[in-house]
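# Structural features, examined
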Amino acid sequence: MPFRLLAPLGLLCLLLPLHRGAPGPDGSAPDPAHYRERVKAMFYHAYDSYLENAFPYDELRPLTCDGHDTWGSFSLTLIDALDTLLILGNVSEFQRVVEVLQDNLDFDIDVNASVFETNIRVVGGLLSAHLLSKKAGVEVEAGWPCAGPLLSMAEEAARKLLPEYNKAIRNYTRFDDWYLWVQMYKGTVSMPVFQSLEAYWPGLQSLIGDIDNAMRTFLNYYTVWKQFGGLPEFYNIPQGYTVEKREGYPLRPELIESAMYLYRATGDPTLLELGRDAVESIEKISKVECGFATIKDLRDHKLDNRMESFFLAETVKYLYLLFDPTNFIHNNGSTFDAVITPYGECILGAGGYIFNTEAHPIDPAALHCCRRLKEEQWEVEDLMKEFYSLKQGKSRFQKTTMSSGPWKPPAGPGTFSSAENHDGVREKKPTKQRIPLLSCPSQPFTSKLALLGQVFLDSS
């Protein structure tokens, strides 16, 4: 093994003492309760340091114990950490922060904001906090979860971003349980590197049941972590080493995220070992007096004067959830809340939370519930359009018949067909049938088979 590979390993061994809670001689896994408390302590060391030294700036600078704006001047770390507070069980602080945001957050400012980062961190953080606010004991209005101050703030931020929104696509190919960068149209390898952001992939594989491939890929990434005490931003696979100017680790969450999903799927204690190693490495290498600092270079563990907000939003959250199997986020549907809204009854909190890119959990049941209101609005709009369309068509028909000559009654029973009767009796105008303003159109056959919005088309 080249000396350059041994040096980081030797330095890491000096920095990391024997782990408390590590597997013993009997092969037992790390103690989840022990590391759950360690993760919680990590969170509060970073969170309290931000409040004391950096708020209301976006992020903490842990080496100089001050703050700076990074992605738009929105008190980003406070928003990003909000739902983590509830996951850790801190209801009172969640409530306090909600009040702070309602009183102080303002999107009507002229700043250079990142569309992507503001979307996943600010919009996602506010949406998640809105949907979790009732669980946190926040007094909600009658229209919740389809209305509320946090939802209004999320919508305001999203509308500011819409004109600039963009989407990019990247392509990958697999080689020996690694995923390499390739040229989109040729399929040839462009860079034989692993990027730390890609470490989310095994977790995604686990969600579709591809467990064997997910574990093999995860173990590849885990060997890189054990080599350096973190994942470098870029790792050259053939050389087995970092890429120049991409040697840092800004405390990213992706490998821990995959460990959490895979552990839920398999219960494999190897995944708890990754969590243990992450806690020990981050505390020994990155912890400073005012929080946790970005690791500028994993080769010598030099630090950078920044603590990204995703450390509290994602890294700590996934670590805690890895070691907390009974957390409400992991609900399997055995418990739920029935919420009465003006639009009907909603079933919330039954599990199946979807994490956005910044690990902000969204309850999809709330999205379904609030969609009813939109559907009702669309139905009324369609009926109004149909009504006005019929009215305009009738108006054109009346103009055409009036211009073609005088009206004559149809022949048949009860009509005056003879010329004498026609001349001798005063013509009666036909009575105009009154039609209600909003009449229900005939529904298609399939719609009549719908139950609570679900259409059944098969023979069952």
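Residues numbered from 1 in each chain as written. Predicted model: local features only at pLDDT ≥ 70, side-chain atom pairs only at ≥ 80, totals over all residues. Heavy atoms only, no water.

### Here we look at the overall build of the chain
Put simply, the rule is: Helix and strand definitions follow DSSP, with helices as H or I runs of at least four residues and strands as E runs of at least two, each counted in order from the N terminus. Burial classes follow relative accessibility: with a 1.4 Å probe on protein chains only, a residue under 20% of its type's maximum area counts as buried, one over 50% as exposed, and anything between as partly exposed. We call two residues in contact whenever any of their non-hydrogen atoms come within 4.5 Å of each other. Only the protein chains shown count as cover for residues, with accessible areas throughout obtained via the Shrake-Rupley method and a probe of 1.4 Å.
When helices and strands are counted, the chain shows 13 helices and 18 strands. Residues counted as buried form 42% of the 460 residues belonging to the chain. In the chain, the share of contacts with a sequence separation of at least 24, taken over all contacts with a separation of at least 6, comes to 65%. Accessible surface, the chain as shown: approximately 25,700 Å² in total, 54% of it carbon and sulfur.

### Quick look at helix α11 (residues 310-322)
An α-helical turn contains 3.6 residues, so any two residues separated by three or four positions project in the same direction. Threshold: Helix span is expected to be 1.5 Å times the residue number reduced by one. Two axes enter the bend calculation: one fitted to the seven residues ending at the residue in question, the other to the seven starting there, and the bend is the angle between them.
For α11, with 13 residues, the first-to-last C-alpha span of 17 Å sits near the 18 Å given by 1.5 Å per residue. At V316, α11 shows its maximal kink, close to 25°. Where burial is concerned, most of α11 is hidden: 13 out of the 13 residues are buried.

### Looking at the packing of aromatic side chains
Short version of the rule: Geometry of aromatic contacts follows a simple scheme: Phe, Tyr and Trp rings, the Trp one being its six-membered ring, pair when their centres are within 6.5 Å, and the pair is stacked under 30 degrees between planes, edge-to-face over 60, tilted otherwise. Remark: a charge is flagged as sitting over a ring if the NZ atom of Lys or the CZ atom of Arg is within 6 Å of the ring centre and within 35 degrees of the ring normal.
Tallied over the entire structure, the rule returns 14 aromatic pairs. Consider the rings of Y200 and W201, whose centres lie 6.2 Å apart with planes at 85°: the pair is edge-to-face. Exposure remark for W201: the relative accessible area of 29% places this residue in the partly exposed category. Between the NZ or CZ atom of K226 and the centre of the ring of Y222, over which it lies, the distance is 4.5 Å. Taking the ring centre of F234 as reference, the NZ or CZ of R246 above it sits at 5.6 Å.

### What about the state of the cysteines?
Operational definition: Disulfides are defined as cysteine sulfur pairs within 2.5 Å.
For the structure on display, the rule yields three disulfides. There is a disulfide in this structure between C65 and C290, and the S-S distance comes to 2.0 Å. Judged by the sign of its S-S torsion, about 95°, the bond between C65 and C290 is right-handed. One end of the pair, C65, is in the loop between β1 (59-61) and β2 (66-68); the other, C290, is in the loop between β9 (287-288) and β10 (291-292), and 225 residues separate them in sequence.

### A closer look at the side chain of N327
Inspection of the secondary structure puts N327 in the loop between α11 and β13 (337-341). Accessibility expressed as a relative area gives 6% for N327, which makes it buried. Excluding its chain neighbours within four sequence positions, the residues that come into contact with N327 are I87, Y320 and L321.

### A closer look at a nonpolar patch on the surface
Put simply, the rule is: The patch calculation keeps residues exceeding 30% relative accessible area without a salt bridge and links them within 9 Å when they carry like charges or within 5 Å when they are nonpolar (Val, Leu, Ile, Met, Phe, Trp, Tyr). Each salt bridge in this description consists of a side-chain nitrogen of Lys or Arg and a carboxyl oxygen of Asp or Glu lying within 4 Å of one another.
Together, Y200, L204, L207 and I208 line one region of the surface with nonpolar side chains, adding up to about 420 Å² of accessible area. Positionally, Y200 belongs in the loop between β6 (193-195) and α7 (201-207).

### Points about the pattern of salt bridges
Side chains that differ in sign of charge can pair as their charged atoms come close. Inspection of the entire model under this criterion finds 18 salt bridges. Among the salt bridges present, the one from D66 reaches R61, with a minimum N-O distance of 2.9 Å. Note that R96 is salt-bridged to E93, the shortest N-O span being 2.8 Å. Of this pair, R96 and E93 both sit in helix α4 (residues 91-104), three residues apart, which is roughly one turn of that helix. Each member of the salt-bridge network shares a partner with another, and the members are E59, E117, R121, R306, E308 and E358.

### Concerning the packing of helix α2 (residues 32-53) against α11
Selection rule: Simply put, an axis is a line fit to the C-alpha atoms, just over the touching stretch for a helix, and the angle between two N-to-C directions goes from 0 to 180 degrees. Oblique is the label for any angle not covered by the other classes, which are roughly parallel (under 35 degrees), roughly antiparallel (over 145) and roughly perpendicular (65 to 115). Just so you know the grouping, Ala, Val, Leu, Ile, Met, Phe, Trp, Tyr, Cys and Pro go in nonpolar, Asp, Glu, Lys and Arg go in charged, and all remaining residues, Gly too, go in polar.
Interhelical geometry of α2 versus α11 gives an angle of 170° and a closest axis separation of 9 Å. Accordingly, the angle class assigned to the pair α2 and α11 is roughly antiparallel. Residue-level inspection shows R36, V39, K40, M42, F43, A46 and Y47 of α2 in contact with α11, the latter providing F311, L312, V316, L319 and Y320. Here the contact of α2 with α11 is composed, by residue class, of 10 nonpolar, no polar and two charged.

### Some words on the sheet that holds strand β7 (residues 234-236)
Let me state the cut-off plainly: Strand pairing follows a simple DSSP-based rule, namely that at least 2 bridges must link the two strands.
Within the open sheet, the three strands sit side by side as β6-β7-β8. Their pairing is antiparallel. A strand with exactly one partner marks an edge of an open sheet, and here the two such strands are β6 and β8 (241-242). Here two bridges tie β7 to β8, and the two strands are oriented antiparallel to one another. Note on β8: the bridge partner recorded for N236 is Y241.

### So, the pairing of strand β14 (residues 344-348)
As paired strands, β13 and β14 are joined by five bridges and run antiparallel to one another. Across the sheet, T341 pairs through a bridge with G344, a residue of β14. A loop of two residues connects β13 with β14, the two strands running antiparallel in sequence.

### As for the side chain of H360
When you line up the elements, H360 lands in the loop between β15 (354-355) and β16 (361-362). Other than its neighbours up to four places away in sequence, H360 contacts I79, D80, D83, I120, R121, G124, G125, S128, A313, K317, I354 and F355.

### A look at the packing of helix α5 (residues 115-132) against helix α6 (residues 149-161)
Just so we agree on the cut-off: Two helices that cross are described as forming a left-handed crossing if the nearer one is turned anticlockwise from the farther one by less than a right angle, and a right-handed crossing if clockwise.
Two elements in contact, α5 and α6, have axes separated by 8 Å at closest approach and are oriented at 165°. The pairing of α5 with α6 is recorded here as roughly antiparallel in orientation. The element α5 and its partner α6 pack so that their crossing is left-handed. Residues V115, T118, N119, V122, V123, L126, L127, A129 and H130 of α5 pack against L150, L151, M153, A154, A157, A158 and L161 of α6.

### A look at the environment of I237
Here I237 shows up in the loop between β7 and β8. On a C-alpha basis, the gap between I237 and L180 in space is 9.1 Å, while along the polypeptide they are 57 residues apart. Not counting chain neighbours up to four residues away, the residues in contact with I237 comprise W178, L180, P192, V193 and F194.

### A few points about helix α3 (residues 76-87)
Most of α3 is tucked away, with 12 of its 12 residues classed as buried. Each element contacted by the buried residues of α3 is listed here: α2, β1, α4, α5, α11 and β16. G89 sits one or two residues past α3 and shows a positive phi near 95°.

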